[in-house]
Amino acid sequence: MNFTWLLAFLALTGSASLFYLQDNAEQTQARADVSAIAYNLLTYRNALAEYAHANPTVTGAPADSVLPLPTWYRKLPNVSGYVNAGQSFTYYPTPPNGLVSKMVDLTQSQAIGTVVASTLQSPISGNVGIVVPPAIPNGSALAYQ
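Described below are features of the structure shown in this document. (Residues numbered from 1 in each chain as written. Predicted model: local features only at pLDDT ≥ 70, side-chain atom pairs only at ≥ 80, totals over all residues. Heavy atoms only, no water.)

1. Regarding the pairing of strand β4 (residues 112-116)
Of the strand pairs in this sheet, β4 and strand β7 (residues 141-144) are connected by three bridges, and their pairing is antiparallel. Following the sheet pairing, Ile 112 is matched in β7 by Ala 143. Counting the residues between successive antiparallel strands, the hairpin from β4 to strand β5 (residues 119-122) contains two residues, one of them, Ala 117, with a positive phi of roughly 50°. (Pairing = 2+ DSSP bridges. Helix = DSSP H or I, 4+ residues; strand = E, 2+ residues; numbered from the N terminus.)

Here's what the structure looks like:
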């Protein structure tokens, strides 16, 4: 009888350990995904800003082929850009939890935040007075330059 209890205890302990390890692995993967998206979006933002500065009369979403992107760069799905009168707006329309925070951690910039009612809301300073073009959906993570 004691042997049966010992086996049951070991089985339950093993199951709990497996659930913990799986949950921990999923959390680690989610943090890695957010970090990868943040770096990808910020790299795209730099190229888009350079393009917008050099082409101040252009409005719209430029093709990736006209941007001065690094040769090693591969844009992730949903990373998008829009330029308007020399301003650049790089955004991610369906941001995972923690994306804006990660970008702010990396840059300490007030020009990063979330689109709310077509304005940029920075987690550092709130509404920064930047009007976002209507082509960019509310709720998007946004890096402005």
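2. A few points about the pairing of β5
Taken together, the three bridges between β4 and β5 define a ladder with antiparallel strand orientation. Residue pairing across strands places Thr 114 opposite Gln 121, the latter belonging to β5. Examined bridge by bridge, β5 and strand β6 (residues 126-131) share three bridges and lie antiparallel to one another. Of the residues in β6, the one forming a bridge with Thr 119 is Val 131. In sequence, β5 turns back onto β6 through a hairpin of three residues.

3. A few points about unusual backbone geometry
The residue Ala 85 is not glycine, and still its phi comes out positive at about 55°. Assignment of secondary structure puts Ala 85 in the loop between β2 (80-84) and β3 (87-92). On the basis of relative accessibility, which here comes to 54%, the residue Ala 85 falls in the exposed class. Even without glycine at this site, Gln 108 takes up a positive phi of about 55°. Relative to the elements of secondary structure, Gln 108 occurs in the loop between α2 (99-107) and β4. Judged by its relative accessible area of 58%, Gln 108 falls in the exposed class. (Buried < 20%, exposed > 50% of the residue type's maximum accessible area, 1.4 Å probe, protein only.)

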